[in-house]
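Spelled out from the first residue to the last, the chains are:
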Amino acid sequence: MALITLLDIHHAYGGAPILSGVNLSINQGERLCLIGRNGEGKSTLLKIIDGQLTPDKGERRGIKTLKLAALDQSVPKMSGTVLDAIMQGAGPAYEALSRYNALVDQCGEGDMAACDAMSEMQHELDDTDAWSIEREALSLIDVMGLIKDQDVSALSGGRVRRVLLARALITKPDVLLLDEPTNHLDIDSIEWLENYLLSARLTILFVSHDRSFVDRIATRIVELDRGVLSSYPGNYQAYLVRKQEELEIEERTNALFDKKLAQEEVWIRQGIKARRTRNEGRVRDLKKLRAERSERRSRQGEVNLNIQGAEQSGKLVLSVKNVTVKAGTQVMVNDFSTKVMRGDKIGVIGPNGIGKTTLIKALLEQSNPGIDVTGSIRVGTGVEIAFFDQLRDNLDLEATILQNVAAGSDTVEVGGKSKHIYSYLQDFLFSPDRARTPVKALSGGEKNRVLLAKQLLTKANLLVLDEPTNDLDMSTLELLEEAMVSFDGTVILISHDRAFLDAVVTQTWVFDGEDHITEYVGGYEDYLRQRPDPSVDADAASASTKTPAKAETKSEAAETQPAKARVKLSYKQQKQLEDLPKQIEALETEQQQLTDHLAQGDIYASDPEGAGKMAERLSAIESELLELLEAWDELESLSN
């Protein structure tokens with residue numbers, strides 16, 4: 001059943017239409033992810049669906065009893081208890097209940113007018129179902145692992161997001177709208193949110209750049225591209241396959257169209273030889289082709305990311321020995337030692353507020369007011385650092401894009417060559433007009449692109465990126481990934497984006513929540529495979545509490561068992577063991593020679609019989625090598 005339907009929606013803000021004939025049905029139980037480039041109109045579409053904005057043309061339909069709730073990507077400043085903050089989401093019902101409770105207090109103090117008003121409010125409380133609000137709020141608090149009397153102002157960002165989600169859900173909405181719900185959440189909070197949304201059986205329309213989140217949650221992808229909305233059943237990976245096929249078809253179609261238009265333009269310039277009906281028709285067709293071409297909206301260009309590599313640093317980038325980081329009396333990191341080598345790409349993972357940014361600033365000997373650092377930190381020779389700050393502190397919000405990036409200069413140096421600032425900013429999708437816009441007027445994604453444009457002008461061989469993926473659209477994210485992977489310097493990356501970590505990093509530093517950092521090889525999925533299993537730890541702890549006497553008895557029994565006797569190889573076996581490496585090497589050489597011969601495609605035409613024999617010999621070599629390796633392993637195990 002369709003809960004909301006959009007029919008032929010058009011909307012514009014003075015220029016080209018941002019929405020052009022959009023149609024959409026949101027069916028009960030669906031989890032739709034709305035994706036699109038920054039500035040394509042996703043927020044506008046959400047406002048139309050939410051009823052906050054009336055489109056220029058088209059119709060929005062919904063069931064008569066439709067209840068919508070929205071969770072915005074920004075986190076407002078809040079105070080009061082968790083229970084009150086959640087109940088406020090009930091709106092008029094909460095206000096009525098608050099007035100009633102105040103009257104109860106006044107009536108208890110002998111105010112008869114308040115007692116009369118209480119009776120008059122009964123109908124209002126019944127109509128708004130206010131009596132069930134507190135019961136529903138307490139149920140949500142229990143589900144979300146919150147504490148009802150805790151002050152919201154004391155909660156972490158992730159916990160506040162849970163409060164906001166509970167406040168949106170208290171009215172039991174038919175459709176829940178989520179705008180970048182994972183922004184600024186740590187990985188544990190993101191995974192909690194995923195599990196909650198999967199189990200809650202809600203109808204959801206959400207906007208997100210977190211590809212792992214989208215892959216797990218979405219049942220359908222809807223993409224807003226050049227004013228048109230397209231639907232793709234399935235998750236993000238299924239969308240990528242379908243979208244690539246569509247773009248290839250579009251490219252071929254446009255190429256054929258442009259070829260035909262060019263041919264007709266040549267024909268018209270040659271002059272019409274005879275005023276015949278078919279020629280006049282051809283002229284009319286040409287006019288239609290011109291009009292169609294002028295109305296075509298080209299796909300927005302890709303961001304062009306070029307990292308300014310500095311001179312190569314020394315092999316050792318950072319040496320850390322027994323470093324402890326304290327904020328006042330709180331120990332954030334205790335006795336951490338590591339070495340960062342040139343070319344390492346390190347991901348830093350941990351809950352919000354645990355000290356990831358503080359640690360990195362301490363290791364790079366940057367200003368950290370109120371932070372005490374002990375231990376040995378040595379930065380290697382020739383290390384030049386570029387720091388990408390998640391808070392965008394490096395941007396002057398009152399200044400224009402142009403002033404932030406170029407600082408009054410007409411040119412910038414890119415890859416050792418001078419480039420005009422307007423040309424450089426167009427690489428980051430800022431037109432000359434847009435380049436003169438104050439940064440404070442930009443969206444979050446655009447601000448991040450400005451910061452990228454500014455930071456990537458800094459020559460560096462060590463890039464430090466603190467949550468660089470926030471607010472970036474998926475296309476720009478993938479380009480940033482490619483730039484990080486191909487960068488031949490060193491990267492330290494603080495991120496909660498699991499897909500980004502898996503694509504970029506070669507090792508991870510994981511905060512375990514108890515001032516300790518553990519290093520793992522690979523990205524986030526690799527860390528999940530390598531981390532200790534809590535159930536195994538529990539079993540080990542349980543085993544350690546068993547009676548010591550029994551443990552000693554087992555130990556003594558083990559000691560009394562005779563050691564496994566070492567087998568002495570016969571002369572024949574010893575000779576065979578010595579000859580095996582030579583035999584294996586000879587077979588591998590023959591294998592390589594045959595492979596090189598067969599790689600020359602013409603051998604199959606010039607000597608098909610010989611090629612067949614070579615292929616058979618290659619297959620036989622595989623079997624012989626396997627037998628020799630097994631024999632080698634067996635003989636070595638006997639001799640050890």
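Preceding this section is the structure that the text describes.
Owing to the predicted nature of the structure, the values given are computational and were not obtained by experimental measurement.

Rules and cut-offs
- Residues numbered from 1 in each chain as written.
- Predicted model: local features only at pLDDT ≥ 70, side-chain atom pairs only at ≥ 80, totals over all residues.
- Heavy atoms only, no water.
- Helix = DSSP H or I, 4+ residues; strand = E, 2+ residues; numbered from the N terminus.
- Pairing = 2+ DSSP bridges.
- Axes fitted to C-alpha atoms, helices over the stretch in contact; angles between N-to-C directions.
- Salt bridge = Lys/Arg side-chain N within 4 Å of Asp/Glu carboxyl O.
- Buried < 20%, exposed > 50% of the residue type's maximum accessible area, 1.4 Å probe, protein only.
- Contact = heavy atoms within 4.5 Å.
- Core = buried A, V, L, I, M, F, W, Y, C linked by side-chain atoms within 4.5 Å.

A. Seen up close, unusual backbone geometry. One non-glycine residue, D335, adopts positive backbone phi at about 55 degrees. You can see D335 is positioned in strand β11 (residues 330-341). Phi at E467 takes a positive value of approximately 50 degrees, unusual for a residue other than glycine. Structurally, the position occupied by E467 is in the loop between β17 (462-466) and α17 (474-486).

B. Molecular detail of the sheet that holds strand β18 (residues 490-494). Strand order across the open sheet formed by six strands is β14-β17-β18-β12-β19-β20, with mixed pairing between neighbours. Two strands close off the open sheet at either side, each with one partner strand: β14 (385-388) and β20 (517-521). Between one strand axis and the next, the sheet turns by 15 degrees as a mean value, whatever way the strands run. Pairing of strand β12 (residues 345-349) with strand β19 (residues 507-511), which is carried by four bridges, proceeds in the parallel orientation. The residue of β19 that forms the bridge with V348 is W509.

C. Structural detail: the pattern of salt bridges. Applying the stated rule across the entire model yields 17 salt bridges. The closest approach of N and O atoms between D8 and K57, which form a salt bridge, is 3.8 Å. Separated by 49 residues along the polypeptide, D8 in strand β1 (residues 2-11) and K57 in strand β4 (residues 57-62) bring together distant segments of the chain. With a closest N to O distance of 2.5 Å, E481 and R211 form a salt bridge. Note that E481 is positioned in helix α17 and R211 in helix α9 (residues 211-217), a separation of 270 residues in sequence. The two residues E481 and R211 agree in class, both being buried. Taken together, the shared-partner salt bridges in this structure form one network comprising E194, D210, R216 and R498.

D. Summary view of the environment of Y422. Considering the arrangement of structural elements, one finds Y422 in helix α14 (residues 421-426). Residue classification places Y422 among the partly exposed positions, given a relative accessible area of 25%. With twelve residues separating them in the primary sequence, Y422 and D410 have C-alpha atoms 8.1 Å apart. Contact partners of Y422, with chain neighbours within four places excluded, come to L402, P432, A435 and R436.

E. Geometry of the nonpolar core. Formed by 58 residues in total, the largest nonpolar core has its most connected members in I86, M144, L165, L197 and F206. Among the elements that take part in this core, helix α7 (residues 157-169) stands out by supplying seven residues, more than any other. Excluding anything up to four places from it in sequence, F206 contacts R31, L32, C33, L34, L178, F213, V214, I217 and A218.

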